[in-house]
Amino acid sequence: MADHPEPVRQHLRSEGLAALRTELDKQARLLQIVRQSLPAPLREHCRHCLLEAGGKLLLYTESAAFAYQLRFYGPAVAAQVAEAAGLETPPEVRVRNLTPSGAEQAPYAKPRVFQPPPASVAELLRENAAATPHEDLREALLRLSRTVDEFNRRGPLEEPDGTPDTGPGR
């Protein structure tokens, strides 16, 4: 075992690191080609890309919204990459979201529970319907009071997608 640590300079010149540097340079050139084929506002959101041997071009972005937009421009990007890389057929474009290492995923939102108005609201609606001289308004208030009564008979409602049930007839 040596008394002194090995100089870092020796490792920076190694063949393994040189090969890694070459690969990083290729990926940087590819990213430049990809970004040039995108509209200016979207360019900075394509964070990284990789051309796999199987003919797939992977684009990485930071959110689902930008992933959707990158997918939209996928054919144009694939054509530019194929031309620049001398490929016979454009690569298949796949878009992935980057998640910062160690970042927690946002928890799924709990489904919302629709709480029906109190029964006193239905009674108040009926009283207002009886007091109004306008027939159309009276009928609307009575329908609304019946809907409130129906909600109260059914109790709190929870929809699988988190949206409240809108009533008996939906």
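Here is what the cut-offs are and how they apply
Residues numbered from 1 in each chain as written. Predicted model: local features only at pLDDT ≥ 70, side-chain atom pairs only at ≥ 80, totals over all residues. Heavy atoms only, no water. Helix = DSSP H or I, 4+ residues; strand = E, 2+ residues; numbered from the N terminus. Buried < 20%, exposed > 50% of the residue type's maximum accessible area, 1.4 Å probe, protein only. Contact = heavy atoms within 4.5 Å. Areas by Shrake-Rupley, 256 points an atom, 1.4 Å probe, with all protein chains shown as cover. Polar contact = N/O pair within 3.5 Å; in protein donor to acceptor, adjacent residues only side chain to side chain. Phe/Tyr/Trp six-rings, centres within 6.5 Å; stacked < 30°, edge-to-face > 60°. Axes fitted to C-alpha atoms, helices over the stretch in contact; angles between N-to-C directions. Parallel < 35°, antiparallel > 145°, perpendicular 65-115°, else oblique. Left-handed = near helix turned anticlockwise from the far one by under 90°. Expected span 1.5 Å × (residues − 1). Arc of directions from axis to C-beta. Core = buried A, V, L, I, M, F, W, Y, C linked by side-chain atoms within 4.5 Å.

## Examining the overall build of the protein
- When helices and strands are counted, the protein shows seven helices and five strands.
- The linear arrangement of helices and strands in the protein, starting from the amino end, is α-α-α-β-β-α-α-β-β-α-α-β.
- Buried residues in the protein amount to 23% of all 170 residues.
- Counted over contacts in the protein with a minimum sequence separation of 6, partners at least 24 positions apart contribute 51%.
- When the accessible area of the protein is evaluated, it comes to approximately 12600 Å², of which 55% is carbon and sulfur surface.

## Some thoughts on the side chain of T61
- Tracing the chain through its elements places T61 in strand β2 (residues 56-61).
- Judged by relative accessible area, T61 falls into the buried class, the value being 0%.
- Looking at T61, its side chain comes within polar contact range of the main-chain oxygen of H45, at 2.6 Å.
- Not counting chain neighbours up to four residues away, the residues in contact with T61 comprise H45, R47, F66, A67, L70, V95, R96, N97 and L98.

## Comments concerning the packing of aromatic side chains
- Applying the stated rule across the entire model yields one aromatic pair.
- With 5.2 Å between their ring centres and 90 degrees between their planes, F72 and Y73 make a pair best called edge-to-face.
- The exposure class of Y73 is partly exposed, given its relative accessible area of 29%.

## Considerations on the packing of helix α6 (residues 119-131) against helix α7 (residues 135-154)
- Closest axis-to-axis distance for the α6/α7 pair is 8 Å, and the angle between their directions is 165 degrees. As far as their axial angle goes, α7 and α6 are roughly antiparallel. Crossing handedness for the pair α6 and α7: left-handed. Contacts between α6 and α7 involve A119, A122, L125, R126, N128 and A129 from the first element and R138, L141, L142, L144, S145, V148, D149 and N152 from the second.

## Details of helix α2 (residues 15-36)
- The terminal C-alpha atoms of α2 lie 32 Å apart, and with 22 residues this matches the ideal 32 Å at 1.5 Å per residue to within 8%.
- Within the sequence span of α2, burial applies to Q27, L30, L31 and V34. The buried residues of α2 all sit within an arc of 105 degrees when viewed along its axis, so they share a single face. Facing away from the buried side of α2, by more than 90 degrees, are the exposed residues E15, R21 and Q36.
- Looking at the packing, one finds that the buried side of α2 touches β1 (48-51), β2 and α5 (74-85).

## Describing the nonpolar core
- Formed by 14 residues in total, the largest nonpolar core has its most connected members in V34, L38, C46, C49, L57, L59 and V77.
- Taken together, the elements giving at least two residues each to this core come down to α2, β2, α4 (64-72) and α5.
- Formed by five residues, the second largest nonpolar core is a distinct cluster that contains A122, L125, A129 and L141.

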